[in-house]
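Spelled out from the first residue to the last, the chains are:
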Amino acid sequence: MSSEDDAGGEAPGGSFWEPGNYRRTVKRVDDGYRLCNDLISCFQERAKIEKNYAQQLTEWSRKWRTTVEKGPQYGTLEKAWHAFLTAADKLSEIHLAVRNHLAGKDSDKIKAWQKEAYHKQMIGGFKETKEAEDGFRKAQKPWVKKMKDVETSKKNYHAARKEEKTAHTRENHAKADSSVSQEQLRKLRDRVEKCTQEAEKCKDQYEKMLEELNRYNPRYMEDMEQVFEGCQEAERKRLCFFKEMLLNLHQHLNLSTNESFHALYRDLYQVIMAADNQEDLKWWRNTHGPGMVMNWPQFEEWSLESQRPITKKEKSGKMADDVTLTSILPARDGVVSQTPLQIRQRFSYQEEQNSLFCDSLRAPAHVNGGKEDISEWSDEDTPKKCLDANGQEEDIKVPGVRVRALYDYTGQESDELSFKAGEELMKISEEDEQGWCKGRLLTGQVGLYPANYVEKVGS
């Protein structure tokens, strides 16, 4: 709706001063209440948009974080990629804060002002509307009465002049007609004089009523202005409040003034600039390329020990590679316990020590048919067995200690055990220098496990 450019402009429905035209001003009170509702609805819809955008940012970040983590990208560029996803999470929080302002504090403030400015009546409508209506009606009632008198006197005067005109016309026609008697002409002249007198009398009455109305106009205008100014003041308060609210909404929606918003993109830019292709290429070279450690073949002297089966672990040739234990899952009341990284270095001399340890557990060589029978075995032959006097295999009895698993563990090699948190097993050797123990599961399987993944039963 556009406002009038000129202060004295006329609206299409007529002047404000005409009877009943004050109702446009009265209706503005009802319009103000409706505009409060419209303003609330408008920005509550914007709040929903902010919320949906925040949720979409979070979902997008969650989806692609998993994809990037499992994908082939690596190094500092992977960190930069992750920085975008972290920035999306932070931006989501900012837009949620905007949503909370729009749908919460701002809407509540408008509702509170609306309730204070507009008071509903039991019979319907608003108290302010009725007061404005009554004020205008009271101010206009005397003027309307005088205006009706003017209209009546005007109507009577115009009717008298019309009658006078008709009498003149008849008189003129009679004069031109020779068949009209003198008596008839005299009556027509009397009629003209009478109509003229009546017209003059109505004119005096009309002028009198109009003069009386004009004398009352200043009083009428003053009373109407007084009521109108009251309505203007109420509307001025509404306009000022709406401007204040629009400024508040602008402040909440204008992220350019939000320090968190600037910090978010500043940090993202720094992480992107920190991406170093040379560093990533160097990491790949050392981890998956020529920079990796290699156990090159060397001359080995023959020995009895070299005749036993070579385990898969020995074939792998991991001389000094760090092996990080994985598959650490939640244990005990759903709390994830952090365990130190287990590092295991396997050397050829360690294999020999393991073999000597196993030899010490064997029974002396059995004689079968006058010949010495030596049973050969490897680390992968679990549980350890030997031949009895009848040539039958039997388990080597080794004293053990009952232990309970603190965490889930999945063996990475064939000679390692796999178990779940809470599962019990037998510890059958002490911890070695690399932090590994040998143990036996309830199924009878024997193998290695990280020492700090278990605790002694009863401890």
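Every chain begins its residue count from 1, and numbering advances along the sequence as written. Totals for whole chains, interfaces and linings use all residues, but because this is a predicted model, local features are given only for residues with pLDDT of at least 70 and pairs of side-chain atoms are given and counted only at 80 or more. Think of the side-chain values as coming from all heavy atoms in the structure, minus any hydrogens and water.

(A) Main features of the environment of Glu93. Only runs of H or I of at least four residues qualify as helices and only runs of E of at least two qualify as strands under DSSP, and these elements are numbered from the N terminus. The topology assignment puts Glu93 in helix α2 (residues 75-117). Each residue gets one of three labels from its accessible area relative to the maximum for its type: buried under 20%, exposed over 50%, partly exposed in between, using a 1.4 Å probe on protein chains only. On the basis of relative accessible area, Glu93 is assigned to the exposed category, the value being 56%. Once the C-alpha coordinates of Glu93 and Thr58 are considered, the two residues, 35 residues apart in sequence, prove to be 9.1 Å apart.

(B) A look at the sheet that holds strand β5 (residues 401-405). DSSP-based pairing: two strands are paired if at least 2 bridges between them are found. Taken together, the 5 strands give an open sheet; going across it, the order is β8-β7-β6-β5-β9, and neighbouring strands pair in antiparallel fashion. The sheet is open, and its two edges are formed by β8 (446-450) and β9 (454-456), each paired on a single side. Direction aside, neighbouring strands of the sheet carry axes that sit 45° apart on average. Pairing of β5 with β9, which is carried by 3 bridges, proceeds in the antiparallel orientation. By the bridge assignment for β9, Val403 is matched with Lys456. Only the contacting stretch of a helix is used when fitting its axis, a line to C-alpha atoms as for every element, and angles between N-to-C directions run 0 to 180 degrees.

(C) How the structure looks around helix α1 (residues 23-70). Given the number of residues in a helix, its expected span is that number minus one, multiplied by 1.5 Å. Between the first and last C-alpha of α1 there are 71 Å, a value that for 48 residues agrees with the 70 Å anticipated at 1.5 Å per step. Note on bend: the value at a residue is the angle between axes fitted to the seven residues ending there and to the seven starting there. If you look at α1, its biggest bend is around 25°, right at Val29.

(D) Region of interest: helix α3 (residues 127-176). For α3, which comprises 50 residues, the first-to-last C-alpha distance of 72 Å matches the rise-based estimate of 74 Å (1.5 Å per residue) to within 8%. At Lys141, α3 shows its largest bend, some 40°, and a proline, Pro142, comes one to four positions later.

(E) Examining the nonpolar core more closely. Residues Cys36, Leu39, Leu102, Ile110, Tyr118 and Phe241 are the most contacted members of the largest nonpolar core, which totals 26 residues. Those elements that place two or more of their residues in this core are α1, α2, α4 (182-253) and α5 (259-273). When residues of this core are assigned to their parent elements, the largest contribution, 9 residues, is made by α2. Contact between two residues is taken to exist if any of their heavy atoms lie within 4.5 Å; hydrogens are not considered. When neighbours within four sequence positions are excluded, Cys36 is seen to be in contact with Ile110, Trp113, Gln114, Tyr118 and Phe242. If you look at the next biggest cluster of nonpolar residues, it comprises 21 residues, including Val26, Ala139, Val144 and Cys202. Definition used in this section: a nonpolar core is a set of buried Ala, Val, Leu, Ile, Met, Phe, Trp, Tyr and Cys residues joined via side-chain atoms within 4.5 Å.

(F) Region of interest: the packing of aromatic side chains. Each Phe, Tyr or Trp ring (for Trp, its six-membered ring) is paired with any other whose centre lies within 6.5 Å, and the angle between the two planes then decides the class: stacked below 30 degrees, edge-to-face above 60, tilted in between. In the structure shown here, the tally under the stated rule is 21 aromatic pairs. Each ring, one from Trp143 and one from Tyr220, has its centre 4.4 Å from the other, and the planes form 10°; the classification is stacked. Of this pair, Trp143 sits in helix α3 while Tyr220 is found in helix α4, placing the two residues 77 residues apart along the sequence. Among the aromatic residues, ring-to-ring pairing joins Phe16, Trp17, Tyr22, Phe136, Trp143, Tyr220 and Phe228 into one connected group. Counting as a charge over the ring demands two things of the Lys NZ or Arg CZ atom: a distance within 6 Å of the ring centre and an angle within 35 degrees of the ring normal. Directly above the ring of Tyr216 sits Lys146, whose terminal nitrogen or CZ lies 5.7 Å from the centroid.

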